[in-house]
Amino acid sequence: QVQLVESGGGLVQAGGSLRLSCVVSGSISRINSMGWYRQAPGRQREVVAIITNGGNTNYANSVKGRFTISADMGRNTVYLQMNSLQAEDTAVYYCNSNLRRTMWNLPNDYWGQGTQVTVSS
């Protein structure tokens, strides 16, 4: 069983900051990457930022320069520091991890339940 548990969402005024955290737990052999996705009402889920086991990062153009993803792979934890938040950032944010449960399994994607981020203008 693999679980991803997010925390840190909430309500913030435009221009403010929030920090999201996600802990991956369970039977895990190797984490290939961890990341954050978001889904706003009426829109498809979209990638926000991803960090690989090697520390490489990728960001959606809309958050570059404002959001920073980091990870403590030893603790199976990923963070998303969100600064200069805008109303357009309002969404449910989901933690994702691509990982192997055992060395014999193919990698698979696992998801958290999501945490609401609301930015008031």
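Located above this text is the structure these notes cover.
The paragraphs below set out a description of the structure included in this document. The structure displayed is predicted, hence computed values, not measured ones.

**Focus on the pairing of strand S9 (residues 91–100)**
- Within S9, eight of the ten residues are buried, which leaves the element mostly enclosed by the surrounding structure.
- Bridging between strand S4 (residues 30–39) and S9 involves nine bridges; their strand directions are antiparallel. Looking at S9, one finds that Gly-35 is bridged to Asn-96.
- As paired elements, S9 and strand S11 (residues 115–120) share three bridges and run antiparallel to each other. Among the inter-strand pairings, Val-92 is bridged to a residue of S11, identified as Gln-116.
- Two strands pair when backbone bridges link them, and S9 and strand S10 (residues 108–111) are joined in this way by four bridges, in the antiparallel orientation. Opposite Asn-98, over in S10, you have Asp-109 as the bridge partner.

What counts, and at which threshold
Residues numbered from 1 in each chain as written. Predicted model: local features only at pLDDT ≥ 70, side-chain atom pairs only at ≥ 80, totals over all residues. Heavy atoms only, no water. Buried < 20%, exposed > 50% of the residue type's maximum accessible area, 1.4 Å probe, protein only. Helix = DSSP H or I, 4+ residues; strand = E, 2+ residues; numbered from the N terminus. Pairing = 2+ DSSP bridges.

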